[in-house]
Structures are given as C-alpha cells and as structure tokens.
Amino acid sequence: MSSQPTQSFSQRLIAWQKQHGRHDLPWQVADPYRVWLSEIMLQQTQVATVRDYYPRFVAAFPDVAALAAAEQDAVLALWAGLGYYSRARNLHKAAQQIISDFNGEFPQQRSQLEQLCGVGRSTAAAIAAFAFQQRETILDGNVKRVLCRVFALDGNPADKTFEKQLWALAESLLPAQADDMPAYTQGLMDLGATVCKRSRPDCAVCPMADICQAKAQNRTAELPRKKTAAAVAEMPLFWLQLRNAQGQILLHKRPQRGIWAGLYCLPCFDSADEMHRFAEKAGVAGAVRTDTPFSHRLTHRLLQIQPFAADLPDDSALPWADGVWVNPQDLRDYALPKPLMRYLGEAVRQADLFG
DNA sequence: AAGTCGGGGGG
DNA sequence: CCCCCAGACTT
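Residues numbered from 1 in each chain as written. Chains lettered and ligands numbered in written order. Predicted model: local features only at pLDDT ≥ 70, side-chain atom pairs only at ≥ 80, totals over all residues. Heavy atoms only, no water.

(A) Spotlight on empty space enclosed by the protein. As enumerated under the stated definition, the model contains one cavity of 30 Å³ or more in all. Approximately 90 Å³ is the volume attributed to the largest cavity. Listed by contribution, the elements that provide at least two residues to the lining of the largest cavity are helix H9 (141-150) and helix H11 (181-195). Here the element with the most residues in the lining of the largest cavity is H9; it accounts for three residues. When its residues are assigned to classes, the lining of the largest cavity shows eleven nonpolar, one polar and two charged. (1 Å grid on protein atoms, 1.4 Å probe; cavity = no way out; pocket = protein on both sides within 12 Å on 5 of 7 lines; lining within 4 Å. Points joined across faces, edges and corners; volume = space filled by probe spheres on them. Helix = DSSP H or I, 4+ residues; strand = E, 2+ residues; numbered from the N terminus. Nonpolar A, V, L, I, M, F, W, Y, C, P; charged D, E, K, R; others polar.)

Next comes the structure, spelled out in structure tokens:
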C-alpha cells in the first residue's frame, strides 16, 4: 500500500474499500428495510452464515408491511437455526412499530432508529450510514479490533469507560463528507473481517499498516485484550418424542422468554421423573424407550439432552392443552431449535426405514 | 457490571 | 479445546 502517512484514516479506508472491499453482498442496496434486516441477522453472526438465511427471508417478507403483517411463527420458522431468536421477535415487533409509530415510513435518524426493538446504537448507526448517508459511527467487534490495534489501545473490553473512549474515537474518525459514509462504514467492516482478523491479521495488505501502532510495537496478537470467559453451567434436559397412530409428532410452542423462546420443541422436562409422570398420564408409561443422549453447547449453557420416545395408542387422552400434532413432512414449517432439527431428522429417517 | 440470549467458523 | 462473530437487552 502506498498511503501517505498524512492521509486521513477515513480517506485511506474509503480508497481501500472501493478497491479491495466487498461489493457483492446481497444486502448492499439502498433499501433501508434490507439494510436493517441484514444488520439484525449479522449481529454476533458471520457473513457466511447469514448468506443462507437472508434471501429466503427477503423472499417471504419483501418489505416492512409484509413483515409487520406476518405471524410470529412464520417469522421464527425462517430464523430457525440462526440463533439469538430475540432478534427475530424484536424484528417482527419493530416492523409493527414502523407501521404504527412512523406511519410505515422507515425512520432515518439514528435517534429514531434506536427506538426500534432490537436496534441499539451501532445497528442504528449502520442503517443511518448505509441507507441514509448519515454521519454516524458504528462500533462492532470488527471496529473495536481495528481501533485497538491501529491506536494500540489495551483497555479492558468489559470496562464501560473504555467503551466510551472507543465510541468517541470512532466518532472522531468519521469522514467529513456524508456521501462517503456507505463506503467508509463498509470499509470498517471489511477491514476487520478480511484483513485485520482476530488471528493472523494480514498486515502486508493493510491500508493502515504504516500508521498501525500495534504493528509497530509488534503487539497485534495481544490486542485487543481478550474478554474473560464466563463459566458454562451444565443443564440436563429430558425430551419425550410422542408419536400418534398417524405418525405425527407432538410439539409445543415454548414460552416467550428463556432459551429458544417462541420456538417449537418436544415436551421438555427438568428430570427423568417428571418425564415419566407425564408419560404415565399419557398412558404410555410402559412404552417409553430411551434414546441416545447427546450434548449441545450454547454460549452460557452446556445442554445435556436425554431423549425418550413412545408411541401413543389411538384412544389415549393427552394431559396437555397446548400441544400440536405435526406430520414429519411438515416439520420444516416450524421453528425448531438446531439440535431438535438434527435429532428429529434422524428419528424421522429411522421411522421411514421401518415404517 | 454482569448475565442472558445460538450457532458456527477457524485456529 | 478455545475465542469470537455487522450486539441488544435485562437485572
């Protein structure tokens, strides 16, 4: 790179983005709805993962009005497997906010955007910059890493004061011209994602190499400082797969808070005892089979899942109000947690082989 | 300030 | 196994 040291941070970044940045992402459009959707999907989620989900979601809900009018189950079904399901619930609510509070007109100011459910300061700034060319700065994981390295900042990422300093620094670096904001903002993300990577940063092709203090001090590996890892508690879960005479599987919609909120799951219990009591009421106490246990890791929990299975006789009464019987071929229409998707996928194949 | 929310990429 | 990812929200 031949950037002169006198050239501003923003000018080098903009020039670099235009030449070497990403230009083929499906959400690089002027439509604020699509920008917003992509920003929500990309929260704590890598581009490669979102690529599969984004087009299906846009096809099903092409604009704010379509999303606002949708059923939550339909929204969650298209989010299933992506994780952090509060994002989908908030996205749905926010679409309705735009209809009711903003007359269906997408808000353009950061302060207004931050009123939308699930939209914090950084996401609001991204929408404002990309869709409306507003001079607002993002501060995501990529930007924090770039700033901590270029300016050799070794603050504690959990420290609120340090966080404020990063926001102030990011704001001070904004380009003067508002119409540079899309390229500049994309450049921040692209640099962090493709060059100034968490491990093995590619300093040889970095437009900031000659001003990067971490590089000069040989500290790119230690900056930014790592967060202290939280302990992950184990959580036993007991699932019961009930099948009726038609081969349908019993699911229920989980409550609106907690793990997998609003998604559909098998009857789920905290202990084997609870599961057996339920099976007894369902009249299948003697028919319960034990399936192979498996574990599933969330950010803050290690789920130890023990699945059971039983076939339900035709005339048995189910001691449960809010269940729904689902044909195996219709499972794709339901928002299922990833581990349940995997488990039922295998179970259904087994049943097909023998049924 | 710490905890809650999923799932996957990549070393 | 580990840490992190286009974070926001609750406690």
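Additional details are given in the paragraphs that follow.
(B) Structural view of the protein's contact with DNA strand C. For DNA strand C, the set of nearby residues contains 27 residues, the closest of which are Gly-118, Asp-140, Asn-142, Arg-145 and Arg-198. For DNA strand C, the fraction of atoms within 4 Å of the protein that belong to sugar or phosphate moieties is 69%. At a separation of 2.7 Å, a phosphate oxygen of DNA strand C approaches a polar side-chain atom of Thr-123. Residues of the surface near DNA strand C, tallied by class, amount to eight nonpolar, ten polar and nine charged. (Near = heavy atom within 4 Å. Polar contact = N/O pair within 3.5 Å; in protein donor to acceptor, adjacent residues only side chain to side chain.)

(C) Just the nonpolar core, in detail. Grouped together as the largest cluster of nonpolar side chains are 91 residues, with contacts concentrated most on Phe-9, Trp-36, Phe-57 and Trp-79. Ranked by residue count, the leading element in this core is helix H8 (residues 121-132), at nine residues. Within the second largest apolar cluster, 14 residues are counted, among which are Phe-269, Met-275, Ala-279 and Leu-312. (Core = buried A, V, L, I, M, F, W, Y, C linked by side-chain atoms within 4.5 Å. Buried < 20%, exposed > 50% of the residue type's maximum accessible area, 1.4 Å probe, protein only.)

(D) View of the UniProt feature "domain: HhH-GPD" (unreviewed entry) in chain A. UniProt marks residues 41-194 with the feature "domain: HhH-GPD" (unreviewed entry), using the numbering shown here. Span residues 41-194 is 64% helix and 0% strand, its end C-alpha atoms 19 Å apart. (UniProt positions renumbered as here; feature names shortened; annotations may be inferred.)

(E) Looking closely at the protein's contact with DNA strand B. In the region of DNA strand B, 24 residues are neighbours, and Tyr-84, Lys-160, Trp-260, Thr-299 and Lys-338 sit closest. Backbone atoms, meaning sugar and phosphate, form 62% of the atoms of DNA strand B found within 4 Å of the protein. Between DNA strand B and Thr-299 there is a distance of 2.4 Å, counted from a base nitrogen to a side-chain nitrogen or oxygen. The greatest single-element share of the surface near DNA strand B, amounting to three residues, is contributed by helix H14 (residues 338-354). For the surface near DNA strand B, a count of residues per class yields eight nonpolar, ten polar and six charged.

(F) Here's a closer look at the packing of aromatic side chains. Enumeration over the complete set of coordinates arrives at 13 aromatic pairs. When the ring of Phe-238 is compared with that of Phe-308, the centres are 6.5 Å apart and the planes differ by 20°; the resulting orientation is stacked. Of this pair, Phe-238 sits in strand E1 (residues 233-243) while Phe-308 sits in strand E7 (residues 301-311), and the two are 70 residues apart along the sequence. For the pair shown, Phe-238 and Phe-308 are each scored as buried. Geometrically, the ring pair formed by Phe-269 and Phe-278 is tilted, given 5.3 Å between the ring centres and 50° between the ring planes. A connected cluster of aromatic rings, assembled from ring pairs, spans Trp-239, Trp-260, Phe-294 and Tyr-343. Across from the ring centre of Tyr-53, 5.1 Å away, lies the NZ or CZ of Arg-56, which sits over that ring. (Phe/Tyr/Trp six-rings, centres within 6.5 Å; stacked < 30°, edge-to-face > 60°. Lys NZ or Arg CZ within 6 Å of the ring centre and 35° of its normal.)

(G) Quick look at the state of the cysteines. Applying the stated rule across the entire model yields zero disulfides. Distance from the sulfur of Cys-212, which forms no disulfide, to the nearest cysteine sulfur (Cys-203) is 6.2 Å. Counting only cysteine sulfurs, Cys-265 is the nearest neighbor of Cys-268, a cysteine outside any disulfide, at a range of 5.3 Å. (Disulfide = S-S within 2.5 Å.)

(H) Highlighting helix H2 (residues 32-41). Counting buried positions along H2 yields nine of ten residues, so the element is predominantly enclosed. The complete set of buried residues in H2 reads Pro-32, Tyr-33, Val-35, Trp-36, Leu-37, Ser-38, Glu-39, Ile-40 and Met-41. Looking at the packing, one finds that the buried side of H2 touches helix H3 (47-60), helix H4 (64-69), helix H5 (72-79), helix H6 (86-101), H8 and H11. Measuring from the backbone nitrogen of Tyr-33 back to the side-chain oxygen at the start of H2 gives 3.0 Å, which picks out Asp-31 as the cap. (Contact = heavy atoms within 4.5 Å.)

(I) Region of the structure containing H5. Counting buried residues along H5, six of its eight residues qualify, which places the element largely inside the surrounding structure. Buried within H5 are the following residues: Gln-72, Val-75, Leu-76, Ala-77, Leu-78 and Trp-79. Buried residues along H5 sit against H2, H3, H4, H6 and strand E2 (249-253). Immediately beyond the C-terminal end of H5, within one or two residues, lies Gly-81, with a positive phi of roughly 100°.

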